[in-house]
Amino acid sequence: MTEGPMAEAAPPRPERELRKGEDRVLAGVCTGLGQYTDTDPIVWRTAFALTVFAGGTGILLYVAAWMLMRDDQGGPATFEQMLDRSIPSPAVVKLLALGLAAATALSLVGGFGWATLVLATPLILGLLAARNRGVDLRKSFLDLRDELRRRRPPPTTPAPEPVASYYNPAQPWASAPQGPVDLAVVGERTADGASHGTDDVGESAPKGAPDAPESGDGPARGGRGVRLVDLAVWTIVGLAVAASVAVQGWDSSLWSRETAELVFGQETGVFFLAGALAVVGLYAVVGTWAGRPGGLMALGLVLAVAAAASVSTDLTRLRVGEAVWRPETVAEAESGDYRRTLGVVTLDLTRVADLEPGDTLDLSVRANGVTKLVLPEDARVEVESHVGLGAVDVAGEEERGGVSLDYREVFPPVSADGRDGDGRDAEGDDGAEAPSITVSTDALVGVVEVRHGEA
(Lines give C-alpha, C1' and ligand atoms only; values in the text may rest on other atoms or scores of the structure.)
Protein backbone atom coordinates (compact mmCIF):
# COMPACT_ATOMS: atom_id res chain seq x y z
CA MET A 1 0.00 0.00 0.00
CA THR A 2 2.96 2.32 0.53
CA GLU A 3 4.53 1.65 -2.87
CA GLY A 4 3.56 2.63 -6.38
CA PRO A 5 2.69 5.86 -8.15
CA MET A 6 -0.20 6.70 -5.84
CA ALA A 7 2.10 6.70 -2.80
CA GLU A 8 4.56 9.02 -4.52
CA ALA A 9 1.96 11.71 -5.19
CA ALA A 10 2.15 13.86 -2.06
CA PRO A 11 -0.57 16.42 -1.35
CA PRO A 12 0.32 19.92 -2.55
CA ARG A 13 2.03 22.04 0.04
CA PRO A 14 -0.13 25.02 1.05
CA GLU A 15 1.26 28.40 0.06
CA ARG A 16 2.94 30.16 2.92
CA GLU A 17 1.34 33.47 3.86
CA LEU A 18 3.38 36.60 4.52
CA ARG A 19 2.27 38.31 7.71
CA LYS A 20 3.67 40.84 10.11
CA GLY A 21 5.48 39.17 12.99
CA GLU A 22 4.33 39.23 16.59
CA ASP A 23 7.90 39.56 17.92
CA ARG A 24 8.25 43.08 16.59
CA VAL A 25 10.58 46.00 17.12
CA LEU A 26 8.62 48.63 15.15
CA ALA A 27 5.78 47.22 13.06
CA GLY A 28 6.77 43.58 12.72
CA VAL A 29 7.79 43.93 9.04
CA CYS A 30 11.28 42.48 9.38
CA THR A 31 10.10 39.65 11.63
CA GLY A 32 7.41 38.70 9.11
CA LEU A 33 9.81 38.84 6.18
CA GLY A 34 12.31 36.74 8.13
CA GLN A 35 9.73 34.06 8.88
CA TYR A 36 8.50 34.00 5.28
CA THR A 37 11.98 33.70 3.76
CA ASP A 38 13.51 31.55 6.55
CA THR A 39 16.03 34.32 7.25
CA ASP A 40 17.10 35.93 10.50
CA PRO A 41 15.12 39.20 10.90
CA ILE A 42 18.38 40.99 11.76
CA VAL A 43 19.37 40.59 8.10
CA TRP A 44 16.25 42.47 6.97
CA ARG A 45 16.68 45.11 9.65
CA THR A 46 20.27 45.70 8.58
CA ALA A 47 19.23 46.01 4.92
CA PHE A 48 16.51 48.57 5.72
CA ALA A 49 18.88 50.50 8.01
CA LEU A 50 21.66 50.64 5.39
CA THR A 51 19.39 51.86 2.61
CA VAL A 52 18.16 54.70 4.81
CA PHE A 53 21.51 56.42 4.12
CA ALA A 54 20.75 56.41 0.39
CA GLY A 55 18.28 59.27 0.34
CA GLY A 56 15.88 57.67 2.81
CA THR A 57 15.09 54.76 0.46
CA GLY A 58 14.95 52.33 3.38
CA ILE A 59 12.17 54.32 5.05
CA LEU A 60 10.06 54.33 1.87
CA LEU A 61 10.58 50.58 1.34
CA TYR A 62 9.72 49.85 4.98
CA VAL A 63 6.48 51.83 4.76
CA ALA A 64 5.61 50.11 1.48
CA ALA A 65 6.24 46.67 3.02
CA TRP A 66 4.10 47.58 6.03
CA MET A 67 1.21 48.58 3.76
CA LEU A 68 1.58 45.43 1.63
CA MET A 69 1.82 42.88 4.45
CA ARG A 70 -1.15 41.43 6.31
CA ASP A 71 -1.37 41.63 10.06
CA ASP A 72 -0.29 38.82 12.35
CA GLN A 73 -3.86 37.44 12.44
CA GLY A 74 -4.11 37.22 8.64
CA GLY A 75 -6.28 40.30 8.23
CA PRO A 76 -6.14 42.30 4.98
CA ALA A 77 -3.20 44.60 4.30
CA THR A 78 -3.65 48.34 3.88
CA PHE A 79 -3.17 48.21 0.10
CA GLU A 80 -5.57 45.26 -0.14
CA GLN A 81 -8.25 47.31 1.58
CA MET A 82 -7.56 50.33 -0.63
CA LEU A 83 -7.61 48.32 -3.88
CA ASP A 84 -10.30 45.86 -2.72
CA ARG A 85 -8.29 42.94 -4.08
CA SER A 86 -5.92 40.33 -2.75
CA ILE A 87 -2.15 40.71 -3.19
CA PRO A 88 -0.36 37.32 -3.12
CA SER A 89 2.42 36.94 -0.60
CA PRO A 90 5.13 36.12 -3.21
CA ALA A 91 4.27 39.35 -5.04
CA VAL A 92 5.08 41.43 -1.95
CA VAL A 93 8.72 40.29 -1.81
CA LYS A 94 9.09 40.75 -5.57
CA LEU A 95 7.66 44.27 -5.42
CA LEU A 96 10.15 45.17 -2.70
CA ALA A 97 12.99 43.84 -4.86
CA LEU A 98 11.75 45.84 -7.86
CA GLY A 99 11.47 48.98 -5.73
CA LEU A 100 15.05 48.54 -4.55
CA ALA A 101 16.19 47.91 -8.14
CA ALA A 102 14.41 51.08 -9.33
CA ALA A 103 16.03 53.14 -6.56
CA THR A 104 19.43 51.72 -7.54
CA ALA A 105 18.87 52.67 -11.18
CA LEU A 106 17.79 56.21 -10.24
CA SER A 107 20.93 56.65 -8.13
CA LEU A 108 22.99 56.16 -11.28
CA VAL A 109 21.54 59.32 -12.86
CA GLY A 110 24.15 61.50 -11.19
CA GLY A 111 26.91 58.91 -11.63
CA PHE A 112 28.07 55.93 -9.61
CA GLY A 113 28.49 56.91 -6.00
CA TRP A 114 28.06 55.85 -2.39
CA ALA A 115 24.25 55.72 -2.68
CA THR A 116 24.46 53.30 -5.59
CA LEU A 117 26.79 51.02 -3.64
CA VAL A 118 24.55 51.05 -0.56
CA LEU A 119 21.45 50.19 -2.62
CA ALA A 120 23.07 47.62 -4.91
CA THR A 121 24.71 45.60 -2.11
CA PRO A 122 21.52 44.24 -0.42
CA LEU A 123 19.86 43.84 -3.83
CA ILE A 124 22.65 41.67 -5.23
CA LEU A 125 23.07 39.68 -2.01
CA GLY A 126 19.33 39.03 -1.83
CA LEU A 127 19.10 37.83 -5.42
CA LEU A 128 22.15 35.58 -4.98
CA ALA A 129 20.69 34.10 -1.79
CA ALA A 130 17.36 33.40 -3.54
CA ARG A 131 19.14 31.77 -6.49
CA ASN A 132 21.23 29.68 -4.11
CA ARG A 133 18.00 28.33 -2.62
CA GLY A 134 16.83 27.16 -6.02
CA VAL A 135 14.54 30.06 -6.96
CA ASP A 136 14.18 30.60 -10.71
CA LEU A 137 14.48 34.38 -10.70
CA ARG A 138 13.52 34.86 -14.35
CA LYS A 139 10.35 32.77 -14.09
CA SER A 140 9.53 34.24 -10.68
CA PHE A 141 9.52 37.84 -11.90
CA LEU A 142 7.72 36.91 -15.13
CA ASP A 143 4.92 35.41 -13.02
CA LEU A 144 4.56 38.71 -11.13
CA ARG A 145 2.30 40.16 -13.83
CA ASP A 146 -0.11 37.23 -13.59
CA GLU A 147 -0.07 37.40 -9.80
CA LEU A 148 -1.06 41.07 -9.83
CA ARG A 149 -3.79 40.48 -12.43
CA ARG A 150 -5.73 38.17 -10.16
CA ARG A 151 -8.98 39.67 -8.98
CA ARG A 152 -9.43 37.70 -5.81
CA PRO A 153 -11.13 39.54 -2.96
CA PRO A 154 -8.99 40.48 0.02
CA PRO A 155 -9.16 38.24 3.09
CA THR A 156 -11.64 39.10 5.77
CA THR A 157 -10.56 39.98 9.25
CA PRO A 158 -10.73 36.77 11.27
CA ALA A 159 -13.22 36.73 14.10
CA PRO A 160 -11.66 36.37 17.54
CA GLU A 161 -11.81 32.85 18.89
CA PRO A 162 -14.00 32.30 21.94
CA VAL A 163 -12.05 32.26 25.15
CA ALA A 164 -13.10 29.67 27.67
CA SER A 165 -13.75 30.78 31.23
CA TYR A 166 -12.36 28.74 34.08
CA TYR A 167 -14.02 28.16 37.41
CA ASN A 168 -12.39 26.47 40.37
CA PRO A 169 -15.11 24.62 42.32
CA ALA A 170 -12.72 24.35 45.27
CA GLN A 171 -13.26 28.05 45.95
CA PRO A 172 -16.85 28.29 47.29
CA TRP A 173 -16.75 32.08 47.51
CA ALA A 174 -15.97 32.47 43.79
CA SER A 175 -18.91 32.88 41.47
CA ALA A 176 -19.03 30.89 38.25
CA PRO A 177 -18.23 33.11 35.22
CA GLN A 178 -20.44 33.56 32.22
CA GLY A 179 -19.73 31.36 29.21
CA PRO A 180 -18.50 27.80 28.78
CA VAL A 181 -16.45 26.09 31.47
CA ASP A 182 -13.67 23.80 30.30
CA LEU A 183 -13.74 21.05 32.90
CA ALA A 184 -10.70 19.36 31.35
CA VAL A 185 -8.60 22.45 31.98
CA VAL A 186 -10.01 22.74 35.49
CA GLY A 187 -8.97 19.16 36.12
CA GLU A 188 -5.50 19.77 34.75
CA ARG A 189 -5.06 22.89 36.86
CA THR A 190 -6.27 21.07 39.95
CA ALA A 191 -3.84 18.21 39.38
CA ASP A 192 -1.01 20.60 38.58
CA GLY A 193 -1.74 22.62 41.71
CA ALA A 194 -1.72 19.48 43.84
CA SER A 195 1.67 18.46 42.46
CA HIS A 196 3.12 21.91 43.19
CA GLY A 197 2.08 22.28 46.77
CA THR A 198 -1.51 23.61 46.48
CA ASP A 199 -3.41 23.39 49.73
CA ASP A 200 -6.95 22.15 50.25
CA VAL A 201 -8.51 25.52 49.63
CA GLY A 202 -6.94 25.80 46.19
CA GLU A 203 -4.37 28.46 46.98
CA SER A 204 -0.73 27.87 46.15
CA ALA A 205 1.69 27.45 48.98
CA PRO A 206 4.14 30.28 49.53
CA LYS A 207 7.06 30.23 47.13
CA GLY A 208 9.62 30.07 49.89
CA ALA A 209 7.85 27.32 51.88
CA PRO A 210 9.95 24.24 52.71
CA ASP A 211 7.56 21.81 51.03
CA ALA A 212 7.57 23.74 47.74
CA PRO A 213 9.77 21.75 45.33
CA GLU A 214 12.08 23.48 42.89
CA SER A 215 10.89 23.36 39.30
CA GLY A 216 13.48 22.11 36.84
CA ASP A 217 16.98 20.83 37.28
CA GLY A 218 18.80 24.09 36.58
CA PRO A 219 18.35 27.77 35.83
CA ALA A 220 15.71 28.63 33.28
CA ARG A 221 17.29 29.57 29.98
CA GLY A 222 15.00 32.52 29.30
CA GLY A 223 14.89 34.05 32.77
CA ARG A 224 18.27 33.38 34.38
CA GLY A 225 21.88 33.24 33.41
CA VAL A 226 24.41 35.80 32.32
CA ARG A 227 23.25 38.65 30.09
CA LEU A 228 25.37 38.15 27.01
CA VAL A 229 24.80 41.70 25.77
CA ASP A 230 26.68 43.00 28.83
CA LEU A 231 29.59 40.71 28.08
CA ALA A 232 29.53 41.84 24.43
CA VAL A 233 29.66 45.52 25.42
CA TRP A 234 32.59 45.01 27.79
CA THR A 235 34.40 42.89 25.21
CA ILE A 236 34.04 45.68 22.63
CA VAL A 237 35.29 48.25 25.15
CA GLY A 238 38.26 46.00 25.87
CA LEU A 239 39.00 45.75 22.15
CA ALA A 240 38.89 49.55 21.88
CA VAL A 241 41.40 49.88 24.74
CA ALA A 242 43.66 47.20 23.23
CA ALA A 243 43.56 48.81 19.79
CA SER A 244 44.32 52.25 21.25
CA VAL A 245 47.28 50.90 23.23
CA ALA A 246 48.59 48.95 20.22
CA VAL A 247 48.52 52.02 17.95
CA GLN A 248 49.36 54.88 20.33
CA GLY A 249 51.24 53.16 23.16
CA TRP A 250 50.59 52.98 26.88
CA ASP A 251 50.12 56.76 27.18
CA SER A 252 46.89 56.65 25.17
CA SER A 253 43.52 57.54 26.65
CA LEU A 254 40.19 55.90 25.89
CA TRP A 255 38.50 59.31 25.71
CA SER A 256 41.06 60.99 23.48
CA ARG A 257 40.34 62.26 19.98
CA GLU A 258 42.89 59.80 18.56
CA THR A 259 40.97 56.87 20.01
CA ALA A 260 37.68 58.23 18.64
CA GLU A 261 39.20 58.51 15.17
CA LEU A 262 40.57 54.97 15.49
CA VAL A 263 37.18 53.54 16.47
CA PHE A 264 34.79 55.70 14.41
CA GLY A 265 36.98 57.44 11.81
CA GLN A 266 36.55 56.98 8.09
CA GLU A 267 39.89 55.18 7.64
CA THR A 268 39.78 52.57 10.43
CA GLY A 269 36.32 52.85 11.95
CA VAL A 270 34.64 50.41 9.57
CA PHE A 271 37.23 47.72 10.42
CA PHE A 272 36.83 48.13 14.17
CA LEU A 273 33.03 48.19 13.96
CA ALA A 274 33.11 45.08 11.74
CA GLY A 275 35.13 43.35 14.44
CA ALA A 276 32.59 44.50 17.04
CA LEU A 277 29.83 42.97 14.89
CA ALA A 278 31.80 39.72 14.83
CA VAL A 279 31.91 39.78 18.64
CA VAL A 280 28.14 40.21 18.79
CA GLY A 281 27.69 37.32 16.34
CA LEU A 282 29.94 35.11 18.45
CA TYR A 283 27.93 35.82 21.60
CA ALA A 284 24.71 35.20 19.66
CA VAL A 285 25.99 31.72 18.77
CA VAL A 286 26.88 31.13 22.42
CA GLY A 287 23.38 32.27 23.36
CA THR A 288 21.83 29.29 21.58
CA TRP A 289 23.21 27.04 24.33
CA ALA A 290 23.76 29.20 27.40
CA GLY A 291 23.13 32.64 28.79
CA ARG A 292 20.51 35.23 27.95
CA PRO A 293 20.88 36.50 24.35
CA GLY A 294 18.32 39.28 24.71
CA GLY A 295 19.62 42.65 23.53
CA LEU A 296 22.25 41.28 21.14
CA MET A 297 20.00 41.94 18.15
CA ALA A 298 19.58 45.63 19.01
CA LEU A 299 23.32 46.01 19.69
CA GLY A 300 24.17 44.38 16.36
CA LEU A 301 21.77 46.68 14.52
CA VAL A 302 23.33 49.78 16.12
CA LEU A 303 26.82 48.61 15.20
CA ALA A 304 25.76 47.84 11.62
CA VAL A 305 24.29 51.32 11.18
CA ALA A 306 27.40 52.88 12.75
CA ALA A 307 29.66 50.89 10.40
CA ALA A 308 27.72 52.08 7.37
CA ALA A 309 27.74 55.67 8.59
CA SER A 310 31.47 55.64 9.31
CA VAL A 311 32.21 55.01 5.63
CA SER A 312 30.22 57.98 4.32
CA THR A 313 30.46 60.36 7.29
CA ASP A 314 33.22 61.32 9.66
CA LEU A 315 31.49 60.45 12.93
CA THR A 316 34.24 62.14 14.94
CA ARG A 317 33.17 65.51 13.55
CA LEU A 318 29.54 65.28 14.58
CA ARG A 319 28.49 68.44 16.40
CA VAL A 320 25.11 68.99 18.00
CA GLY A 321 23.82 72.08 19.82
CA GLU A 322 23.96 75.87 19.62
CA ALA A 323 26.97 77.78 18.30
CA VAL A 324 27.69 81.51 17.91
CA TRP A 325 30.60 82.73 15.80
CA ARG A 326 31.61 86.41 15.96
CA PRO A 327 35.02 86.80 14.27
CA GLU A 328 36.74 90.14 14.82
CA THR A 329 39.51 89.86 12.22
CA VAL A 330 39.79 88.56 8.68
CA ALA A 331 42.26 85.88 9.76
CA GLU A 332 39.91 84.69 12.49
CA ALA A 333 36.99 84.60 10.06
CA GLU A 334 38.92 82.61 7.45
CA SER A 335 40.24 80.07 9.96
CA GLY A 336 36.84 79.36 11.52
CA ASP A 337 35.17 75.95 11.19
CA TYR A 338 31.52 76.77 10.60
CA ARG A 339 29.95 73.32 10.72
CA ARG A 340 27.17 71.85 12.83
CA THR A 341 25.49 68.48 12.43
CA LEU A 342 22.32 69.70 14.07
CA GLY A 343 21.51 72.82 16.04
CA VAL A 344 21.09 76.60 15.96
CA VAL A 345 24.12 78.52 14.66
CA THR A 346 24.77 82.26 14.31
CA LEU A 347 27.47 83.83 12.12
CA ASP A 348 27.84 87.53 12.94
CA LEU A 349 30.19 89.37 10.55
CA THR A 350 29.48 92.89 11.78
CA ARG A 351 32.53 92.86 14.11
CA VAL A 352 35.22 92.19 11.47
CA ALA A 353 37.27 95.36 11.87
CA ASP A 354 40.25 94.99 9.50
CA LEU A 355 38.29 94.38 6.29
CA GLU A 356 39.70 97.08 4.00
CA PRO A 357 38.13 98.46 0.78
CA GLY A 358 38.78 96.07 -2.10
CA ASP A 359 39.37 93.05 0.15
CA THR A 360 37.45 89.81 -0.40
CA LEU A 361 36.34 87.24 2.13
CA ASP A 362 34.84 83.82 1.31
CA LEU A 363 33.12 81.81 4.03
CA SER A 364 31.17 78.54 4.04
CA VAL A 365 28.62 77.41 6.62
CA ARG A 366 27.41 73.81 6.73
CA ALA A 367 24.75 73.26 9.35
CA ASN A 368 21.42 71.49 9.75
CA GLY A 369 18.79 73.24 11.79
CA VAL A 370 18.60 77.04 12.02
CA THR A 371 21.38 79.13 10.45
CA LYS A 372 21.40 82.85 11.25
CA LEU A 373 23.55 85.22 9.16
CA VAL A 374 24.16 88.77 10.40
CA LEU A 375 25.77 90.79 7.57
CA PRO A 376 27.64 94.12 7.79
CA GLU A 377 26.25 97.18 6.04
CA ASP A 378 29.58 98.61 4.83
CA ALA A 379 30.42 95.66 2.55
CA ARG A 380 29.02 94.06 -0.56
CA VAL A 381 27.75 90.67 0.61
CA GLU A 382 26.70 87.83 -1.65
CA VAL A 383 24.70 85.00 -0.03
CA GLU A 384 24.32 81.61 -1.70
CA SER A 385 22.23 79.01 0.10
CA HIS A 386 21.23 75.46 -0.73
CA VAL A 387 18.62 73.80 1.48
CA GLY A 388 17.51 70.23 0.85
CA LEU A 389 14.28 70.67 2.79
CA GLY A 390 13.41 73.90 4.54
CA ALA A 391 13.23 77.64 3.92
CA VAL A 392 15.19 80.88 3.53
CA ASP A 393 13.98 83.89 5.50
CA VAL A 394 15.36 87.32 4.54
CA ALA A 395 14.36 90.33 6.63
CA GLY A 396 11.86 92.45 4.75
CA GLU A 397 11.16 89.80 2.10
CA GLU A 398 8.76 86.93 1.76
CA GLU A 399 10.01 83.67 3.16
CA ARG A 400 10.88 81.06 0.55
CA GLY A 401 10.50 77.37 1.28
CA GLY A 402 10.47 74.05 -0.48
CA VAL A 403 12.54 71.04 -1.44
CA SER A 404 16.05 71.37 -2.97
CA LEU A 405 15.89 75.14 -2.56
CA ASP A 406 18.66 77.27 -4.13
CA TYR A 407 18.82 80.92 -3.07
CA ARG A 408 21.19 83.69 -4.19
CA GLU A 409 21.08 87.33 -3.18
CA VAL A 410 23.53 90.25 -3.37
CA PHE A 411 23.36 92.86 -0.61
CA PRO A 412 25.10 96.10 -1.67
CA PRO A 413 26.75 98.32 0.93
CA VAL A 414 24.63 100.94 2.63
CA SER A 415 25.87 104.55 2.30
CA ALA A 416 25.99 107.05 5.11
CA ASP A 417 22.54 108.38 4.24
CA GLY A 418 21.05 104.92 4.50
CA ARG A 419 20.73 104.24 0.76
CA ASP A 420 22.17 101.22 -1.00
CA GLY A 421 25.41 101.93 -2.81
CA ASP A 422 26.71 100.56 -6.08
CA GLY A 423 29.71 98.75 -4.71
CA ARG A 424 31.70 101.89 -3.80
CA ASP A 425 32.62 102.59 -0.23
CA ALA A 426 30.17 104.26 2.06
CA GLU A 427 31.93 107.59 1.96
CA GLY A 428 32.64 107.65 -1.77
CA ASP A 429 35.54 110.12 -1.47
CA ASP A 430 38.26 108.09 -3.19
CA GLY A 431 36.10 105.85 -5.39
CA ALA A 432 37.54 102.69 -3.88
CA GLU A 433 35.41 99.61 -4.09
CA ALA A 434 33.77 98.37 -0.93
CA PRO A 435 35.01 95.09 0.54
CA SER A 436 33.31 92.00 -0.83
CA ILE A 437 32.10 89.06 1.26
CA THR A 438 30.73 85.79 -0.09
CA VAL A 439 28.86 83.50 2.30
CA SER A 440 27.62 80.09 1.15
CA THR A 441 25.41 77.89 3.29
CA ASP A 442 24.51 74.24 2.83
CA ALA A 443 21.91 72.30 4.81
CA LEU A 444 20.07 69.04 4.28
CA VAL A 445 17.23 70.20 6.53
CA GLY A 446 16.78 73.59 8.11
CA VAL A 447 16.04 77.30 7.88
CA VAL A 448 18.46 80.07 6.84
CA GLU A 449 17.73 83.50 8.35
CA VAL A 450 19.52 86.49 6.78
CA ARG A 451 19.73 89.84 8.57
CA HIS A 452 21.55 92.81 6.99
CA GLY A 453 23.21 95.10 9.50
CA GLU A 454 21.41 93.74 12.56
CA ALA A 455 23.51 92.58 15.47
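Preceding this paragraph is the structure being described.
Each residue is numbered by its place in its chain's sequence as written, counting from 1. Where totals are concerned, whole chains, interfaces and linings use all residues; where local detail is concerned, this predicted model gives features only for residues with pLDDT of at least 70, and gives and counts side-chain atom pairs only at 80 or more. Computation of side-chain values covers all heavy atoms of the structure but excludes hydrogens and water.

## Structural notes on helix α8 (residues 137-149)
For an α-helix the count is 3.6 residues per turn, leaving residues at separations of three or four pointing the same way. To keep things clear, this is the line we draw: Every helix listed is a DSSP run of H or I at least four residues long, and every strand listed is a run of E at least two residues long, numbered separately from the N terminus. For a helix, the expected span equals 1.5 Å multiplied by the residue count minus one. The angle between axes fitted to the seven residues ending at a residue and the seven residues starting there is what we call the bend at that residue. Exposure classes here rest on a 1.4 Å probe applied to the protein chains alone. A residue is buried below 20% of its type maximum, exposed above 50%, and partly exposed in between.
For α8, with 13 residues, the first-to-last C-alpha span of 19 Å sits near the 18 Å given by 1.5 Å per residue. Where α8 bends most, at Asp 143, the angle is about 30°. Those residues of α8 that sit buried are Leu 137, Ser 140, Leu 144 and Glu 147.

## Notes on a nonpolar patch on the surface
Short version of the rule: The patches reported here contain residues having more than 30% relative accessible area and no salt bridge. Joining distances are 9 Å for like charges and 5 Å for nonpolar side chains (Val, Leu, Ile, Met, Phe, Trp, Tyr). Reported accessibility uses the Shrake-Rupley method at a 1.4 Å probe radius. Residues are deemed covered only where the shown protein chains occlude them. Any Lys or Arg side-chain nitrogen found within 4 Å of a carboxyl oxygen on Asp or Glu counts as a salt bridge.
There is a patch of nonpolar side chains on the surface, built from Val 52, Phe 53, Ile 59, Val 63 and Trp 66 and spanning about 420 Å² of accessible area. Among the elements that make up the nonpolar patch, the one with the highest residue count is helix α4 (residues 57-68) (three residues). Take Ile 59: it is sitting in helix α4.

## Some points on the pattern of salt bridges
Counted under the stated rule, the structure contains eight salt bridges. A salt bridge links Arg 339 to Asp 337; the nearest nitrogen and oxygen atoms lie 2.9 Å apart. A relative accessible area of 37% means that Arg 339 is categorised as partly exposed. Of the charged contacts in the structure, one is a salt bridge between Arg 408 and Glu 382, with a shortest N-O distance of 2.8 Å.

## A closer look at the pairing of strand β2 (residues 339-348)
To keep things clear, this is the line we draw: Two strands qualify as a pair provided DSSP detects at least 2 bridges between them.
Taken together, the three bridges between strand β1 (residues 323-325) and β2 define a ladder with parallel strand orientation. Across the sheet, Ala 323 pairs through a bridge with Val 345, a residue of β2. Both β2 and strand β3 (residues 360-375) contribute to a ladder of eight bridges, which runs parallel. Bridging across to β3, Val 345 finds its partner in Thr 371.

## Focus: the environment of Leu 282
Examined against the element boundaries, Leu 282 turns out to sit in helix α12 (residues 269-286). Put simply, Leu 282 and Ala 232 are 50 residues apart on the chain and 9.0 Å apart in space, counted from C-alpha to C-alpha.

## Examining the packing of aromatic side chains
Just so we agree on the cut-off: Two rings belonging to Phe, Tyr or Trp (six-membered ring only in the last case) form a pair when the distance between their centres is within 6.5 Å. Interplanar angles under 30 degrees mark stacking, angles over 60 mark edge-to-face geometry, and anything in between is tilted.
If you walk through the whole model with that rule in mind, you get two aromatic pairs. On the basis of an interplanar angle of 70° and a centroid distance of 5.2 Å, the ring pair of Trp 325 and Tyr 338 is categorised as edge-to-face. One end of the pair, Trp 325, is in strand β1; the other, Tyr 338, is in the loop between α14 (330-334) and β2, with 13 residues separating them in the sequence. By the burial criterion, Trp 325 is buried, and Tyr 338 matches it.

## Remarks on the sheet that holds β1
Selection criterion: What counts as an axis is a line fitted to C-alpha atoms, over the stretch in contact for a helix, and the angles between N-to-C directions run from 0 to 180 degrees.
Reading across the sheet, the six strands line up as β1-β2-β3-β6-β4-β5 and stay open at both edges, with mixed pairing between neighbours. Each having just a single partner strand, β1 and β5 (400-411) make up the two edges of the open sheet. Neighbour to neighbour, the strand axes of the sheet diverge by 25° on average, direction disregarded. Relative to strand β6 (residues 436-452), β3 runs parallel, the two being bridged by 14 bridges.

Shape is all these values report; function is a separate question.
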